[in-house]
Amino acid sequence: MTQPVKTTTTTAFYVQSVISFALSLGALAVAIVYLPVTAWVRAFLALGLMYVVTSAFTLAKCVRDRHEEESVVSRVDQARLDKLLAEHDPFRVD
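Residues numbered from 1 in each chain as written. Predicted model: local features only at pLDDT ≥ 70, side-chain atom pairs only at ≥ 80, totals over all residues. Heavy atoms only, no water.

A.B. asks: Before we go on, may I ask you to explain the packing of aromatic side chains in this structure?
C.D. replies: The description of an aromatic ring pair rests on the distance of the ring centres and on the angle between the ring planes. On inspection of all chains with the given rule, the structure shows one aromatic pair. With a centroid separation of 5.4 Å and 65 degrees between ring planes, the pair formed by phenylalanine 21 and phenylalanine 57 is classed as edge-to-face. Of this pair, phenylalanine 21 sits in helix α1 (residues 11-33) while phenylalanine 57 is found in helix α2 (residues 39-87), placing the two residues 36 residues apart along the sequence. Given the relative accessible area of 34%, phenylalanine 21 is considered partly exposed. (Phe/Tyr/Trp six-rings, centres within 6.5 Å; stacked < 30°, edge-to-face > 60°. Helix = DSSP H or I, 4+ residues; strand = E, 2+ residues; numbered from the N terminus. Buried < 20%, exposed > 50% of the residue type's maximum accessible area, 1.4 Å probe, protein only.)

A.B. asks: Which parts of the structure should I look at to understand the pattern of salt bridges?
C.D. replies: The full count for this structure, using the stated rule, is three salt bridges. With a closest N to O distance of 3.1 Å, aspartate 65 and arginine 64 form a salt bridge. Glutamate 87 is the salt-bridge partner of lysine 83, the closest N and O atoms lying 3.9 Å from each other. Within this pair, lysine 83 and its partner glutamate 87 are both found in helix α2, separated by four residues, close to a single helical turn. Given the relative accessible area of 52%, lysine 83 is considered exposed. You can call glutamate 87 exposed: its relative accessible area is 53%. Here the salt bridges do not stand alone but share partners, grouping Lys61, Arg64 and Asp65 into one network. (Salt bridge = Lys/Arg side-chain N within 4 Å of Asp/Glu carboxyl O.)

Spelled out as structure tokens, the structure:
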């Protein structure tokens, strides 16, 4: 039985992703605050920013869930195949 290669996210990649997300979110929030428009327009843009952030998290979760589901199905299929191969006796006569 072969074990699939387990991919792990390095700490550096995780930290880079968090910093990138925080920096882009902060920069856009500061840009909205200092934009020379009325408070209603700022509120609308801030609401749009919150919507984009929440939809990005939802999309990331869906992609992760789909990937995990595919790996579970693959492992179940591999386990079934391994069981069939282990039980198969080529020298048995029926």
